[in-house]
Amino acid sequence: MKRSKPFLLLMLADFVARSAYQMGKTPLLPIFAAALGASGAFLGLIVSVSTVTGLFLKPLFGILSDRWGRRVWLLIGAGFFAFMPFLYRFIQTPEQLLAIRLIHGLATAIYGPVTLAYIAELSRNDKTGARRHSPAAEDIGWFQMARSGGYIVGPALAGWLLLSLEATAVFTIIGLISCAVFLPIINLPETRPSEARKLKPILQHIKNAIRDGGQTPAVWLTGGLEAVTFIALYTLKAFLPIYALEAGVSVALVGLYFSLNEAVHVFGKPFCGRLGDRWGYLPTISLGMLILAAALPLVRVLDQGPLFLLPAALMGVAQALIFPAAIALVSDRISPEHLGAGMGLIGMLQNFGKVAGPVLGGLAITALGYETTLVSLSVMLVLGTAIIWSLFAPRKLINT
């Protein structure tokens, strides 16, 4: 299916922004923080604090984009992407770095819900603003593939630059690259007609948006499932390398595991999004949850050589099934007036899973051991899927 020019422009903008942003996270940020004297828990806080920013502010920025339009907030987000990296040159203490990371996190807190709302709005409206039946999950799958590409390109480029440049110089390059984000964004049209409409007082608007999102079962359904999914995935990301080394597995094989997982996840999104459009979003999400539940216990076969890579591929398929369909389900069910709010609430729950995953996983591993924790996470995913199907009538949530 041919994509529109605004769709392609936003894909390009997000790819450039995310690539540059990820350059500043891995491996650059931990190295820079350590050079400033940060260590232990404080270094971990510096690395993760930008995620906390999104945890609290994504719903707000989604709501504000519903009120004032997507394009203006995309430009504001581009400003944070472009200008914040130039400030790293002046940082002299870990505490200053923590503050800068907290503010820099506003970039993704804005871009996360606003870009998804823009893509969803393109999928649900034609030029006259009328509803059309386009493959929303497939659109989101293509867009997320471009976004995930930044997670692959960014760290590799940063590692290469660090071979010959100091960390502060790399941050300056990140800022220069990020300035290119303005070019596609300024050429984006608004997705809704610019007709004059009376706006409610802003506090009333925020209250109504949160109430609408809170009363939409699809928001909590998909957000809850995604939070559980991220808890499982980020537990694995945090502790699998340590467990593998203790089991005598090659570091190269561990790296290949995560590379294979991400490759299957990234390139499978458009195809799995198309399946979601055809099969229905809730069945597709549920299938992904069950595949993920089946794959987690298989990670224990670390001593079986290449067989260790099987769960990596299965988890990539599971993620590709879950995430595009989840966003499409919310965009299909929430009021068009509060689409950005819905995307923000989903992003908030995702960030909760990312933050809580390593913490809860660490506590579980300490109390139960690694293998028992994997099985427990698997059981949690199966039970979560079963509870959702028993509490929510599928005919009310599946797209038709």
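Residues numbered from 1 in each chain as written. Predicted model: local features only at pLDDT ≥ 70, side-chain atom pairs only at ≥ 80, totals over all residues. Heavy atoms only, no water.

Visitor: How should I be thinking about the overall build of the protein in this particular structure?
Guide: When you go through the protein residue by residue, the secondary structure sums to 16 helices and zero strands. For 400 residues, the compact-globule estimate of 2.2 N^0.38 gives 21 Å, and the protein sits close to it at 21 Å. Looking at the 400 residues of the protein, the share that counts as buried comes to 54%. In the protein, 85% of the contacts between residues at least 6 apart in sequence involve partners at least 24 apart. Total accessible area on the protein is roughly 17,000 Å²; 69% of this is exposed by carbon and sulfur atoms. Taking the average place of the 31 positive charges on the side chains of the protein and the average place of its 19 negative ones, the gap between the two points comes to 7 Å. (Helix = DSSP H or I, 4+ residues; strand = E, 2+ residues; numbered from the N terminus. Rg over C-alpha atoms; globule rule 2.2 N^0.38 Å. Buried < 20%, exposed > 50% of the residue type's maximum accessible area, 1.4 Å probe, protein only. Contact = heavy atoms within 4.5 Å. Areas by Shrake-Rupley, 256 points an atom, 1.4 Å probe, with all protein chains shown as cover. Lys, Arg positive; Asp, Glu negative; His and termini not counted. Charge placed at Lys NZ, Arg CZ, Asp CG, Glu CD.)

Visitor: What is the right way to look at the pattern of salt bridges in this model?
Guide: If the charged atoms of two oppositely charged side chains come close together, the side chains can form a pair. A complete count under the given rule lists six salt bridges for this structure. Residue Asp-66 pairs with Arg-70 through a salt bridge whose shortest N-O separation is 2.7 Å. Each of the two residues, Asp-66 as well as Arg-70, counts as buried. A salt bridge links Arg-70 to Glu-121; the shortest N-O distance between them is 3.1 Å. Placement of the pair is Arg-70 in helix H4 (residues 70-83) and Glu-121 in helix H5 (residues 94-124), with a sequence separation of 51 residues. As far as burial versus exposure is concerned, Arg-70 and Glu-121 are alike and both buried. (Salt bridge = Lys/Arg side-chain N within 4 Å of Asp/Glu carboxyl O.)

Visitor: Is there a simple way to think about a nonpolar patch on the surface in this case?
Guide: There is a patch of nonpolar side chains on the surface, built from Trp-68, Val-72, Ile-76, Ile-202 and Leu-203 and spanning about 450 Å² of accessible area. At the level of secondary structure, the elements contributing two or more residues to the nonpolar patch comprise H4 and helix H9 (202-214). Tracing the sequence through the fold places Val-72 in helix H4. Val-72 sits in the partly exposed class, given a relative accessible area of 36%. (Patch = residues over 30% accessible without salt bridge, like charges linked within 9 Å, V, L, I, M, F, W, Y side chains within 5 Å.)

Visitor: Where do I start with the nonpolar core in this structure?
Guide: Soluble, globular proteins show a tendency: their nonpolar side chains are buried together. Among the nonpolar cores identified, the biggest contains 82 residues, and Leu-236, Tyr-257 and Val-299 are the most heavily contacted of them. Non-local contacts of Val-299, meaning those with residues more than four positions away in its chain, are made with Leu-236, Leu-240, Tyr-257, Phe-308, Pro-311, Met-315, Tyr-370 and Leu-374. Counting residues in each nonpolar core, the second largest holds 23 residues, with Met-23, Leu-28, Met-84 and Ile-174 among its members. (Core = buried A, V, L, I, M, F, W, Y, C linked by side-chain atoms within 4.5 Å.)

Visitor: Mind showing me how you'd approach the packing of helix H10 (residues 217-246) against helix H13 (residues 310-333) here?
Guide: Packed helices, taken two at a time, are described by the angle their axes make and the gap between the axes. Close contact between H10 and H13 brings their axes to 9 Å; oriented N to C, the two are set at 155 degrees. The orientation of H10 relative to H13 falls into the category roughly antiparallel. With respect to the hand of their crossing, H10 and H13 are arranged in left-handed fashion. Residue-level inspection shows Ala-218, Val-219, Leu-221, Thr-222, Glu-226, Thr-229, Phe-230, Leu-233 and Leu-236 of H10 in contact with H13, the latter providing Met-315, Gln-319, Ile-322, Phe-323, Ala-326, Leu-329, Val-330 and Arg-333. In the contact of H10 with H13, the residues fall into 12 nonpolar, three polar and two charged. (Axes fitted to C-alpha atoms, helices over the stretch in contact; angles between N-to-C directions. Parallel < 35°, antiparallel > 145°, perpendicular 65-115°, else oblique. Left-handed = near helix turned anticlockwise from the far one by under 90°. Nonpolar A, V, L, I, M, F, W, Y, C, P; charged D, E, K, R; others polar.)

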